[in-house]
Amino acid sequence: MRTNMIFLIGRYFWKIKFFLLVFVAGITISIYANDSKGLQPPHYLNSSEYVVIEGKAYPVPYPWQGKRVGNADDPKPDDLVRLPLDLTLDQSKIYVTAATKDAFVIMAEAAKEDSITLLADSGYRSPAYQKQIYKRRMKKGKDFYEVATGTAPPGYSEHMLGSTLDLVPSSFMFAKSPAQAWLQENASKFNFIESYPENNADGFFWEPWHWKYVGP
Ligand SMILES: [Zn+2]
């Protein structure tokens, strides 16, 4: 009996090894899928909106679903102007609407009087540019839904309005910066709002560095 068992294991060794390999691979894939930080079904399964990246259509996930920004066919604001270079990171050329520029210049001056530096590192971005961001991150191995967790899909970013700025540093470091504390206290006086505050009701990823001019 025992000899038979050893004989059988020997005879089917490669088959057993193969099934073990498939089993382990299956477990690995399921652990990876559950561990992924991207939005998983059913968040996006009901979406009737799609974004096309490299020829592939992706259903737009929650919370972006139903929140397209502006007119996707003709999205560029016609009054974009350049921010003064001393208000941008590394003196980069950043464009926003004229009203946003005027309001930001006044707010940055007020902040400076309180020894706070407000610097912009992003303003107007076209949906095409937003698509480039996705392509770049997806090439580095992220899937569409992982990118969508923290970055608006093309056509869904407030940056295409020309009234939104990312401030330096445009990362979670900003949350603890003196600039963030100052903005929480003062930004509303200059008609700027934090678009995606912490624990926002719509379920947007918190972006403490992302501020939008909402007009007087
Ligand atoms: Zn932003």
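Reading the values: rules and limits
- Residues numbered from 1 in each chain as written.
- Predicted model: local features only at pLDDT ≥ 70, side-chain atom pairs only at ≥ 80, totals over all residues.
- Heavy atoms only, no water.
- Helix = DSSP H or I, 4+ residues; strand = E, 2+ residues; numbered from the N terminus.
- Buried < 20%, exposed > 50% of the residue type's maximum accessible area, 1.4 Å probe, protein only.
- Contact = heavy atoms within 4.5 Å.
- Areas by Shrake-Rupley, 256 points an atom, 1.4 Å probe, with all protein chains shown as cover.
- Donors = N, O, S within 2.8 Å, 3.2 Å for Na, K, Ca; no water.
- Arc of directions from axis to C-beta.
- 1 Å grid on protein atoms, 1.4 Å probe; cavity = no way out; pocket = protein on both sides within 12 Å on 5 of 7 lines; lining within 4 Å.
- Points joined across faces, edges and corners; volume = space filled by probe spheres on them.
- Nonpolar A, V, L, I, M, F, W, Y, C, P; charged D, E, K, R; others polar.
- Salt bridge = Lys/Arg side-chain N within 4 Å of Asp/Glu carboxyl O.

**Regarding the overall build of the chain**
Part 1 of the reasoning: Helix and strand counts for the chain stand at 6 helices and 8 strands.
Part 2 of the reasoning: Reading the chain from its N terminus to its C terminus gives the helix and strand order α-α-β-β-β-β-α-β-α-α-β-α-β-β.
Part 3 of the reasoning: Looking at the 216 residues of the chain, the share that counts as buried comes to 38%.
Part 4 of the reasoning: Long-range pairs, those at least 24 residues apart, make up 63% of the contacts in the chain between residues at least 6 apart in sequence.
Part 5 of the reasoning: Element-wise, carbon and sulfur atoms account for 58% of the exposed surface of the chain, whose accessible area totals about 13,300 Å².

**Re the coordination of the zinc ion**
Part 1 of the reasoning: Here the zinc ion is held by His159 (NE2), Asp166 (OD) and His210 (ND1), and the distances to it run 2.0 to 2.1 Å.
Part 2 of the reasoning: Taken in sequence order, the residues that donate to the zinc ion follow the motif H-x6-D-x43-H. Taken individually, His159 and Asp166 each receive the classification buried, so the pair is uniform in this respect.

**Description of helix α6 (residues 178-186)**
Part 1 of the reasoning: Along α6, the residues classified as buried are Ala179, Gln180, Trp182, Leu183 and Asn186. Burial along α6 is one-sided: seen end-on, the buried residues are contained in an arc of 160°. Exposed positions of α6 whose direction lies more than 90 degrees from the buried face are Pro178 and Glu185.
Part 2 of the reasoning: Those residues of α6 hidden inside the fold are in contact with α3 (98-113), β6 (164-167), β7 (192-194) and β8 (210-213).

**Observations concerning the layout of surface pockets**
Part 1 of the reasoning: Looking at the largest pocket, its volume works out to about 560 Å³.
Part 2 of the reasoning: Around the largest pocket, the lining is made up of 30 residues, and of these Arg137, Val147, Gly150, Thr151 and Trp209 lie nearest the centre.
Part 3 of the reasoning: For the lining of the largest pocket, the secondary structure elements donating two or more residues are β5 (120-122), α4 (127-139) and α5 (144-150).
Part 4 of the reasoning: Residues belonging to the lining of the largest pocket are distributed by class as follows: 9 nonpolar, 10 polar and 11 charged.
Part 5 of the reasoning: Here the second largest pocket defines a volume of roughly 170 Å³.

**Quick word on the pattern of salt bridges**
Part 1 of the reasoning: Summed over all chains, the structure comprises 3 salt bridges.
Part 2 of the reasoning: Across the pair Asp166 and Arg125 runs a salt bridge whose closest N-O atoms are separated by 3.4 Å. Taken as a pair, Asp166 in strand β6 and Arg125 in the loop between β5 and α4 lie far apart in primary sequence, 41 residues in all.
Part 3 of the reasoning: In this structure, Lys212 and Glu158 form a salt bridge, with 3.4 Å as the shortest nitrogen-oxygen distance. Separated by 54 residues along the polypeptide, Lys212 in strand β8 and Glu158 in the loop between α5 and β6 bring together distant segments of the chain.

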